[in-house]
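Each chain is listed here by its residues.
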Amino acid sequence: VVRRYDTVSFLSDYGTDDEFVGVVKAVLRDLAPHAAVIDLTHGIPPFDVRAGSLALARAIQYVPSGVVLAVVDPGVGTARRPVAVEVAGGEGVLIGPDNGLLAPAVALAGGAERAVVLANPEHRLPSMGTTFDGRDVFAPAAAALCNGVDLAELGPSVEPDGLLPGVVPLSRREGDRIVGEVLWVDRYGNCQLNVGPDEIEGWGERVRVTIDGTDRSARRVTSFAALPPATPGLLVDSSGLVAVVMDRSSAARDLGLTTGDTVVLSSLDDGDEPAVTTAVHLQPRR
Amino acid sequence: VVRRYDTVSFLSDYGTDDEFVGVVKAVLRDLAPHAAVIDLTHGIPPFDVRAGSLALARAIQYVPSGVVLAVVDPGVGTARRPVAVEVAGGEGVLIGPDNGLLAPAVALAGGAERAVVLANPEHRLPSMGTTFDGRDVFAPAAAALCNGVDLAELGPSVEPDGLLPGVVPLSRREGDRIVGEVLWVDRYGNCQLNVGPDEIEGWGERVRVTIDGTDRSARRVTSFAALPPATPGLLVDSSGLVAVVMDRSSAARDLGLTTGDTVVLSSLDDGDEPAVTTAVHLQPRR
Amino acid sequence: VVRRYDTVSFLSDYGTDDEFVGVVKAVLRDLAPHAAVIDLTHGIPPFDVRAGSLALARAIQYVPSGVVLAVVDPGVGTARRPVAVEVAGGEGVLIGPDNGLLAPAVALAGGAERAVVLANPEHRLPSMGTTFDGRDVFAPAAAALCNGVDLAELGPSVEPDGLLPGVVPLSRREGDRIVGEVLWVDRYGNCQLNVGPDEIEGWGERVRVTIDGTDRSARRVTSFAALPPATPGLLVDSSGLVAVVMDRSSAARDLGLTTGDTVVLSSLDDGDEPAVTTAVHLQPRR
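Each value, and the rule that gives it
- Residues numbered from 1 in each chain as written.
- Chains lettered and ligands numbered in written order.
- Predicted model: local features only at pLDDT ≥ 70, side-chain atom pairs only at ≥ 80, totals over all residues.
- Heavy atoms only, no water.
- Helix = DSSP H or I, 4+ residues; strand = E, 2+ residues; numbered from the N terminus.
- Buried < 20%, exposed > 50% of the residue type's maximum accessible area, 1.4 Å probe, protein only.
- Contact = heavy atoms within 4.5 Å.
- Lys, Arg positive; Asp, Glu negative; His and termini not counted.
- Charge placed at Lys NZ, Arg CZ, Asp CG, Glu CD.
- Least-squares fit on C-alpha atoms with pLDDT ≥ 70 in both.
- Buried area = accessible area lost by both parts, 1.4 Å probe.
- Salt bridge = Lys/Arg side-chain N within 4 Å of Asp/Glu carboxyl O.
- Polar contact = N/O pair within 3.5 Å; in protein donor to acceptor, adjacent residues only side chain to side chain.
- Nonpolar A, V, L, I, M, F, W, Y, C, P; charged D, E, K, R; others polar.
- Pairing = 2+ DSSP bridges.
- Axes fitted to C-alpha atoms, helices over the stretch in contact; angles between N-to-C directions.
- Expected span 1.5 Å × (residues − 1).
- Core = buried A, V, L, I, M, F, W, Y, C linked by side-chain atoms within 4.5 Å.
- Left-handed = near helix turned anticlockwise from the far one by under 90°.
- Phe/Tyr/Trp six-rings, centres within 6.5 Å; stacked < 30°, edge-to-face > 60°.

Each helix and strand counted, chain A has five helices and 14 strands in total. For chain A, the C-alpha atoms occupy an extent of roughly 70 × 35 × 30 Å along the three principal directions. Expressed as a percentage of the 286 residues in chain A, the buried residues total 61%. Of all intrachain contacts in chain A linking residues separated by at least 6 positions in sequence, the fraction that spans at least 24 positions is 69%. With 24 positive and 38 negative side-chain charges, chain A shows a separation of 5 Å between the mean positions of the two kinds.

Put into structure tokens, the structure is as follows:
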């Protein structure tokens, strides 16, 4: 059964200061005027495939049926393949470069069922240069799918197993400690870790958070406002992962954290005097 | 009469570097595909309820009939109530946290007629965490209203008088002087004051503007271009308020002004030699 | 034949931190609810008419039939005229200030066929101030055209020849050298020049790039990835112009280039030892 989609969810590292996003949307409007475009974000740092793949993974379960167009593509113009990947019995197709960007979202959507390389020149725009595949390759393919063109017509099929996997760092257990990593710092300075709530289940209300050799006592909370001022907290965030947070302040700034940093968690016994070193600008409640 | 809305006007402090806005719009598209979303702005500074309430107030008279979704919500996850407020005989419903954010816009739209707390779990998404009410509470409520669900079904009604009021600072008169405050600095550096044109009616072409103890002579103009270079002006801006401006330059930067700063206005007699102190980088016409 | 348009492509220097863009779109939605709005970009630097005109020119060939609304308008409120310009047998109408902003795009679309000044008060909003023509003049005119109002009803016609021309700097030949200028630095730091690929046709693989007295050897490539690390390249970009680029790095930052800077190109004979001075942080392959 050939589907006709009416939504394109669009993520990129194009930013919005240039007209890149606008031109891609102009092409979509021109070729598939019935399709609505949802901008997931275009604020992925330039060339940061990992950040893009994580943002897409966080969003994917909320994305409506249809086409997902994702472009973070430092290898544009090289041999890396532009692909379209069908998931969930055709409920959705993810389009983008085969560089790992799509992989976590594809996995969360149940895995790739069909995949093709976007090689059919009938569904490309003639390019003046070689550097804007979003406009010339990905948008026309997305529009074609919205218009009912079957995936197979976009180019030769590839084995889903042959697609480049994504790289999502896993936390690891070292004795009683969990060694995690900051996956994402959001606008508010919340630091999402690659640690699930199950990994700290059974721990007490306070958790030792070790960053760059400094120990701090963080409180486990279910809302920002439950935190006293200048006190770090651990909160299960809206993606279901453990995040280091502050109330109405940026944990990233106050604790000196950025994406990729290591954060070590260990349990603090509630009765014990915690051997906790505290940065001067923090005033944890004891 | 139950209305079915087809526009959601959306304002937040989410920024656009993360996927927050995109996910809210994905949820809206999924639940109410017929509704168009107008992004009023997502650039409200994080947690700045006052700035959000003022931006919404400036925009509200231009917003089409339908749902207004506004999220600046430092208290997410606390006892502050998520609410929906009906105005103008059902022409519009404003949805957001009951923290004063909606209040000025509600007042400008004629006042609240009905209000409910968004407590009905049937019109919420199951939440993985407790921190993304835009996605899990507000967007589903907006979508439900777009789909013709009556306000009363979203949760228990609350007295409109019980909603938290907004805080809009008023200017005050001290003798012949008007003590105002910068409400908003826009992208161009124009500084909107909480002063209406009626408050300076009858004053001459020049007005003494006192900022942090420094007097300057400002010209009253009706366009930026009427100002000589490096000369501050007073202009009735597009919201109908008095703004301190420069021509093709940022008044905020040149005069050292930011949101919340005090600005004192007093009349300069046209015949008098003005006792005006001028900053070195300004060259007012005498 | 009167046309009824259903797309408004919108470019401005409004930014998205304020609600300017949102209010214009709210007005469009209110007056012409059937019309879709494509945001080309709102990140044009404030007042930078040239940058806006170049972005519009780069985008115009991809813009769908309909109305183009462009606002970069330092002269708002002055005698500069708000205009609507019909092109391509009525396929499109460009609306904006008559300050050169529209001119390059109009030329690329085949030239102005009809033009009017937006003077008809029936197709304006009553203005509280004089500073927001996007909301009060341009958006209502765009909506009117979308609703099938004929161009002639928006105001008195003007001779297309009387519209203000755009200023696009031309490169010049000095002996064997081409003296060009940076037209645009994009998010990735690629520096687009006002030089076409025909101007360097027949040159070898390496080109001498002289910036502020410093010579460098740049490689001509067709993809970023063909460049060794820290090596500048010349690439025909997605607009069909020659750009100075680096692979996965910002040429603007690494070479100290910004919009308006002069860049001189000259041919390097492939057999010769190039007399090339190289900045310390660059490691060109020899």
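Now that the structure is up, let's keep going.
Let's shift gears to the relation of the copies chain C and chain B. For the pair chain C and chain B, the best superposition has an RMSD of 0.0 Å and corresponds to a rotation of 120° with a translation of 0.0 Å parallel to the axis. Taken together, the turn and the small shift mark the pair as related by a three-fold rotation axis. An asymmetric contact is evident, with only 6% of the interface residues of chain C recurring at the interface of chain B.

Right, let's get into the interface of chain C and chain B. Tallying the contact residues gives 34 residues for chain C and 34 residues for chain B. Regarding the contact of chain C and chain B, the summed buried area is about 2700 Å², with carbon and sulfur atoms giving 58% of it. Three residues, C:Glu19, C:Arg29 and C:Met128, lead the burial of chain C against chain B; their summed loss comes to 24% of the area buried on that side. Between C:Glu19 and B:Arg58 there is a salt bridge, with the nearest N and O atoms lying 2.5 Å from each other. Our count for the chain C to chain B interface comes out at 14 residue pairs in polar contact (both at pLDDT 80 or more). Among the secondary structure elements, those contributing two or more residues to the side of chain C that touches chain B are α1 (20-31) and α4 (133-146) of chain C. The greatest single-element share of the side of chain C that touches chain B, amounting to eight residues, is contributed by α1(C). Classifying every residue of the side of chain C that touches chain B gives 14 nonpolar, eleven polar and nine charged.

Residues and elements named next belong to chain A. Here we have six strands laid out as an open sheet, ordered β2-β1-β3-β5-β4-β6, and mixed in their pairing. What marks the edges here is a single partner per strand, and that holds for β2 (36-41) and β6 (112-117). On average, each strand axis in the sheet is tilted by 20° relative to the strand beside it, whichever way the strands run. Sheet topology places strand β4 (residues 82-87) next to β6; five bridges connect them, and they run antiparallel. In the sheet register, Val87 faces β6, and the bridge partner there is Ala112.

Glancing now at helix α2 (residues 49-60) of chain B. Residue and element names in this part refer to chain B. Counted at 1.5 Å a residue, the expected span for α2 with its twelve residues is 16 Å, and the 16 Å between its end C-alpha atoms agrees. In terms of burial, α2 is largely enclosed, as eleven of its twelve residues are buried. Where α2 is concerned, the buried positions are Val49, Ala51, Gly52, Ser53, Leu54, Ala55, Leu56, Ala57, Arg58, Ala59 and Ile60.

Next up on the list: the interface of chain B and chain A. Facing 34 residues of chain B, the contacting portion of chain A comprises 34 residues. Both faces considered, chain B and chain A share a buried interface measuring about 2700 Å² in area, 58% of it formed by carbon and sulfur atoms. The largest share of the area that chain B buries against chain A comes from B:Glu19, B:Arg29 and B:Met128, three residues that together contribute 24% of it. At the surface where chain B touches chain A, the tally comes to two salt bridges. A salt bridge links A:Asp6 to B:Arg29, with the nearest nitrogen and oxygen atoms 3.7 Å apart. In this assembly, chain B and chain A are joined by 14 residue pairs in polar contact (both at pLDDT 80 or more).

Let's shift gears to the pattern of salt bridges. Across all of its chains, the model carries 48 salt bridges over all chains by this definition. In this structure, the salt-bridge partner of A:Glu205 is A:Arg219, at a minimum N-O distance of 3.1 Å. Taken together, the residues A:Glu205 in the loop between β9 (191-193) and β10 (206-211) and A:Arg219 in strand β11 (residues 214-221) connect sequence positions 14 residues apart. Its relative accessible area of 41% is what places A:Glu205 among the partly exposed residues. Taking the shortest distance from any N to any O, the salt bridge between C:Asp39 and C:Lys25 comes out at 2.5 Å. Placement of the pair is C:Asp39 in strand β2 (residues 36-41) and C:Lys25 in helix α1, with a sequence separation of 14 residues. For the residue pair C:Asp39 and C:Lys25, the accessibility class agrees, reading buried in each case. Each of the salt bridges in this network shares a partner with another, and the network as a whole consists of A:Asp73, A:Arg80 and A:Asp133.

If you look at the biggest cluster of nonpolar residues, it comprises 65 residues, and the most contacted ones within it are B:Leu56, B:Leu94, C:Tyr14, C:Leu69, C:Ile95, C:Leu118 and C:Leu154. Excluding residues that lie within four positions of it along the chain, C:Leu118 makes contacts with C:Pro82, C:Val83, C:Ala84, C:Ile95, C:Arg124, C:Val137, C:Phe138, C:Ala141 and C:Leu154.

Attention shifts here to the packing of helix α1 (residues 20-31) of chain B against helix α4 (residues 133-146) of chain B. The description of two packed helices rests on the angle between their axes and on the distance between the axes. All names here are of chain B. At a minimum axis distance of 9 Å, the contact between α1 and α4 shows a crossing angle of 35°. Classified by chirality, the crossing of α4 by α1 is right-handed. Between α1 and α4, the residues in contact are Val23, Val24, Val27, Leu28 and Leu31 and Gly134, Arg135, Ala139, Pro140, Ala142 and Ala143, respectively. Among the residues making up the contact of α1 with α4, the classes are represented as nine nonpolar, one polar and one charged.

Applying the stated criterion to the full structure yields 21 aromatic pairs over all chains. A ring pair is formed by A:Tyr14 and A:Phe20, whose centres lie 5.5 Å apart and whose planes are at 45°; its orientation type is tilted. Classification of A:Tyr14 as buried rests on a relative accessible area of 7%. Their ring planes at 85° and their centres at 5.7 Å tell us that B:Tyr14 and B:Phe132 sit as a pair that is edge-to-face. Of this pair, B:Tyr14 sits in the loop between β1 (7-12) and α1 while B:Phe132 sits in the loop between β6 (112-117) and α4, and the two are 118 residues apart along the sequence. Neither B:Tyr14 nor B:Phe132 differs from the other in exposure class; each is buried.

A word on the sheet that holds strand β5 (residues 92-97) of chain B. Pairing is mixed across the open sheet formed by six strands, whose spatial order is β2-β1-β3-β5-β4-β6 (chain B). Single-partner strands in this sheet number two, and they are β2 (36-41) and β6 of chain B. For this sheet, the mean inter-axis angle between neighbouring strands, taken without regard to orientation, is 20°. In this sheet, β5(B) lies alongside strand β3 (residues 66-71) of chain B in parallel orientation, the contact comprising four bridges. For B:Val68, the partnering residue across the bridge sits in β5(B) and is B:Leu94. Packed onto the sheet, α1(B) meets β1, β2 and β3 of chain B and runs at close to 160° relative to β1(B). On the sheet, α1(C) packs against β1 and β2 of chain B and is oriented at approximately 150° with respect to β2(B).

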